[in-house]
Amino acid sequence: MRAVKSKSYRRGRIADIQKVSGENWLEILSEVGRIAALTLELETRLNLIVELIARQTGSDACSILLMDEDRENLVLKATKGLNPMSINKVILKAGEGITGLTAKEMKVIASRNALNDPRSVYFPETWEERFKSVLSVPIMDKNDCIGVIYTQTISEKDYTENDIRLLTTIANNISWMIKNAQLYEEARQKIAELSILYEISMAMQTTINLDRLLRIILSCVTVGSALGFNRASLFLVNEKTNTLQGMMGLGPDSGEDAREIWNKLTEITNLFQWLTSQGEALGKKESSFDKFIKSTRIPITQDSGILALTVIEKKPFNIKDARNDPRVNKELLDKLGINSFATVPIITKNQVLGTIVVDNIYTNRPIRDEDLQSLVRFATHAGWAIENARLFSQLREANKDILIAEQQLIQSERLSALGQLAAELAHEIKNPLVTIGGFARRLSEKTDFSPEGKKYTDIIISEVERVEKLLKDILNYSRDVKPTFSDYNINTLIDEVLSSYERIFSDSGVIVKKELSVNIYPLHIDTSQIKQVFLNILYNAVECMTGKGGVITIKTEPLSGEEGVTISISDTGGGIPPEILDNIFNPFFTTKRQGTGLGLSLSKKIIESHGGTIGIDNRTGEGATFIINLPRRQNKIKS
Amino acid sequence: MTRKKILVVDDEENIRILYSEELQDEGYDVITASNAEDADIKIKESNPDLITLDIKMPGMDGIELLRKLREYDKNIPIVMCSAYSDYKQDFRTWASEAYIIKSSDMLELKSTIREIFKKREVGKLGD
Ligand SMILES: Nc1ncnc2c1ncn2[C@@H]1O[C@H](COP(=O)(O)OP(=O)(O)OP(=O)(O)O)[C@@H](O)[C@H]1O
Ligand SMILES: [Mg+2]
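Since we're looking at a predicted model, the values are computed, not measured.

Cut-off values and rules
- Residues numbered from 1 in each chain as written.
- Chains lettered and ligands numbered in written order.
- Predicted model: local features only at pLDDT ≥ 70, side-chain atom pairs only at ≥ 80, totals over all residues.
- Heavy atoms only, no water.
- Pairing = 2+ DSSP bridges.
- Helix = DSSP H or I, 4+ residues; strand = E, 2+ residues; numbered from the N terminus.
- Axes fitted to C-alpha atoms, helices over the stretch in contact; angles between N-to-C directions.
- Contact = heavy atoms within 4.5 Å.
- Salt bridge = Lys/Arg side-chain N within 4 Å of Asp/Glu carboxyl O.
- Buried < 20%, exposed > 50% of the residue type's maximum accessible area, 1.4 Å probe, protein only.
- Phe/Tyr/Trp six-rings, centres within 6.5 Å; stacked < 30°, edge-to-face > 60°.
- Lys NZ or Arg CZ within 6 Å of the ring centre and 35° of its normal.
- Core = buried A, V, L, I, M, F, W, Y, C linked by side-chain atoms within 4.5 Å.
- pLDDT = per-residue confidence, 0-100.

Observations regarding the sheet that holds strand β9 (residues 297-299) of chain A
Residue and element names in this part refer to chain A. Read across the open sheet, the six strands follow the order β9-β8-β7-β12-β11-β10; overall the sheet is antiparallel. Each edge of the open sheet carries a strand with a single partner, namely β9 and β10 (317-319). Strand-to-strand, the axes of this sheet are offset by a mean angle of 25 degrees, without reference to chain direction. Of the pairings in the sheet, the one linking strand β11 (residues 341-348) to strand β12 (residues 351-359) comprises seven bridges and is antiparallel in character. Counterpart to T348 in the pairing with β12 is Q351. With respect to the sheet, helix α10 (residues 306-313) is in contact with β7 (231-238), β8 (243-250), β9, β10, β11 and β12, its orientation differing from that of β11 by roughly 35 degrees.

Have a look at this one:
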């Protein structure tokens, strides 16, 4: 009964196929070519192609499996006729089943009755048990199999030479398209990631300030074309309280805002520039999202939601239906107003620092697992940066304590400035030193010296080694004095300096007067460097008044013409002799027996690197006033 | 086994001479370049198996060059050489195989290069 039915069915099909084998061949192939050339995602194009083939060849199903990156497994990428939900879910090993065997042996397999074929393996989720016959053709790229295309029919069918030729030709035709798409995707990801990392790292060179760093990190997550989530927030682990503490949330408050910001974003071509200018668009405006995140504390326990789980289990989560997910903390979810989001842990050296949470609240774009992978990679780098920033601020805290307690540190602060100069010198010396020592070593190995000759070269080698070691120490020491910028009120800084060094003034009988304007902006400065400048100038003032007594007046006022501050420091020490006035900013120029002559030259360098100027109002016989103009923001950030 | 070819990129001539001679003694073929552009040409023309890169060079510096190279070749081992360790923390250098502080004692450089080639050899056998 059944056989008869399938026979008559087959007869009808044969007529179709004969039609296909004629002029339709060309039509099918040109249509495949047209689809392949469309600028659509690969999967979309593959799905259009299988639909076309199924329709035009009278097959009940047509599907494409592609090899994954490791060339081990085949993944279902497109289908017409099988359960579409199984796309990307069906994964089989090369060699497994008829299609797997096609890939492994790189040859065409036709099976009239696959149900009884010992080679076949069924995947129930595809609903393919209704199909009897299968024709499976490898998709080849040179000598590699990159995928399999196969058609299936519900009734039994004998495949003809023609069927096989048509499908093979199609397979050959789509191979280049698959290969190109994969290469393109690989390249796109690599370049996007590289350039985003590069730009973040450039931006980070200019800051070790934690707050600013976090903003940079979140900006990259939301602004970068590589990651590009709508909103991102960052939580750090507070070990003392065992909670996750919201640090910052970045993203527009409403769809309106979002549109406005994204319009502006298209104008940003250089992420680095945007990051260092702190981003007018997202950076400045205080959003209620940010406020909400900052007020959020989550206990790190198994039952307090996905964010805590991310930290506990040290793995990312991609939550697609949050409302129905028992692990999700519903209270937080309501406040965020979303139903899908993803989290990644920030891990360094196996320790979890916190988590980054992202969502696409405005575009509703689903978060793909690939997106999450990029975010995971990104979080590794972010973790490293956060760790560094934290270490640095701890170091600075510690330094501050010592500074207040120990007057002696004046000397070491001055030394650190010296160290900076030494570092520059050391760089220059290192290369010739390497060649001197290197060639001395070669000499000593290659030449048959007299005992004396040997002795002399060995001395050169060991002396060079000694200097190299010395250089290494200097360089290691001065590495800690890289500039780090933060927003700081200059009046506060002046108060700090004056109170720390109070004793110096009282010991030398000098009175200090402050005239600090309350109307000034915070400045974007490296506080330890600017402090250094004040110290140098104050020190000079004290030195020229020692024994005689006198008054130092330190004054701040808004900079005229632009945003910024003018700081003037006056003394009553008789002023600078006119004949040396031109020299005092030169390095190593000094009139003091124990001076190094570096104080003012370094100060000038520091002020200029902040985009400011330093000048003198000299009243011979009375005293000198050093005038420093610091703009609020330097146009160019130098490090 | 064929001889490995190493490209030494450094702006100081004497360093190039020193590195070439030391590495030749190790049994490698050595070519040199004095700047980024030169390096680019030499790489295309003679396809080295490993590159040593000086970080501080006038014009395009080693880090920039590293980034450029990685954009079109993910795999060629690159050893960053610097007079100082400042850039070790700079994660732009992480795309390199190793980071070495220049020293008149070439042992570290030589053993690092040897290690890299050894690892690559083992990796190949495993494929
Ligand atoms: N307020 C001042 N009044 C008079 N002369 C000054 C004043 N400030 C600086 N000078 C002159 O400028 C010279 C250079 O100053 P600078 O601070 O650069 O070096 P220094 O004080 O001599 O040495 P050090 O770097 O160890 O402090 C001083 O030696 C001094 O002659
Ligand atoms: Mg001085």
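Observations regarding the pairing of strand β18 (residues 613-619) of chain A
Residues and elements named next belong to chain A. Across seven bridges, the pairing between β18 and strand β19 (residues 623-631) is antiparallel. Each bridged residue has a counterpart across the sheet, and for N618 the counterpart in β19 is A624. Turn length for the β18-β19 hairpin, with the two strands adjacent in sequence and antiparallel, is three residues, and the turn residue G621 shows positive phi of about 90 degrees.

Some details on the sheet that holds strand β14 (residues 510-516) of chain A
All names here are of chain A. Overall, mixed pairing links the five strands, which are arranged β14-β16-β17-β19-β18 in an open sheet. The strands lining the two open edges of the sheet, one partner per strand, are β14 and β18. Put simply, the sheet's adjacent strands are angled 15 degrees from each other on average, direction ignored. As defined by bridge partners, strand β17 (residues 564-570) adjoins β19 across seven bridges and the pair is classed as antiparallel. Bridging from a neighbouring strand, G564 pairs with P631 of β19. Strands β14, β16 (550-558), β17 and β19 of the sheet are contacted by helix α15 (residues 490-500), whose axis makes an angle of about 165 degrees with β14. Its contacts with the sheet place helix α17 (residues 527-545) against β14, β16, β17, β18 and β19, and it is angled at close to 150 degrees to β16.

Section: the pattern of salt bridges
On inspection of all chains with the given rule, the structure shows 31 salt bridges over all chains. Linking D359(A) and R231(A) is a salt bridge whose minimum nitrogen-to-oxygen distance equals 3.1 Å. Placement of the pair is D359(A) in strand β12 and R231(A) in strand β7, with a sequence separation of 128 residues. Two residues, R114(B) and E26(B), come together in a salt bridge whose shortest N-O distance is 3.2 Å. Of the two residues, R114(B) sits in helix α4 (residues 107-126) while E26(B) sits in the loop between α1 (13-25) and β2 (29-33), which places them 88 residues apart along the sequence. A relative accessible area of 30% means that E26(B) is categorised as partly exposed.

Focus on the packing of aromatic side chains
By the definition in use, this model includes one aromatic pair over all chains. Both rings, one in Y28(B) and one in F117(B), keep their centres 5.6 Å apart while their planes meet at 50 degrees; by these two values the pair is tilted. Taken together, the residues span a long stretch of sequence, with Y28(B) in the loop between α1 and β2 and F117(B) in helix α4 at a distance of 89 residues. In terms of burial, Y28(B) and F117(B) fall into one category: buried. Geometry around F585(A) places K604(A) over its ring, the cationic atom sitting 5.9 Å from the centre.

Digging into the nonpolar core
All names here are of chain A. With 37 residues, the main nonpolar core has I490, I530, F534, I552, I567, I628 and L630 as its most contacted residues. Of all the secondary structure elements, the ones that give two or more residues to this core are α15, β15 (523-525), α17, β16, β17, α18 (599-609) and β19. When sequence neighbours within four positions are dropped, the list of residues in contact with I567 reads I490, I494, F534, I554, K555, T556, F626, I627, I628 and L630. The next biggest cluster of nonpolar side chains, apart from the first, holds 31 residues, and it includes I49, I64, A78 and I178.

Thoughts on the confidence of the model for chain A
All names here are of chain A. Across chain A, pLDDT averages 79, with 76% of residues at or above 70. For chain A, the element scoring lowest by mean pLDDT is helix α8 (residues 280-283), at 44; β17 scores highest, at 96. In this model residues 279-283 is a low-confidence stretch, pLDDT under 50, and it forms 15 contacts with partners more than four residues away in sequence or in other chains.

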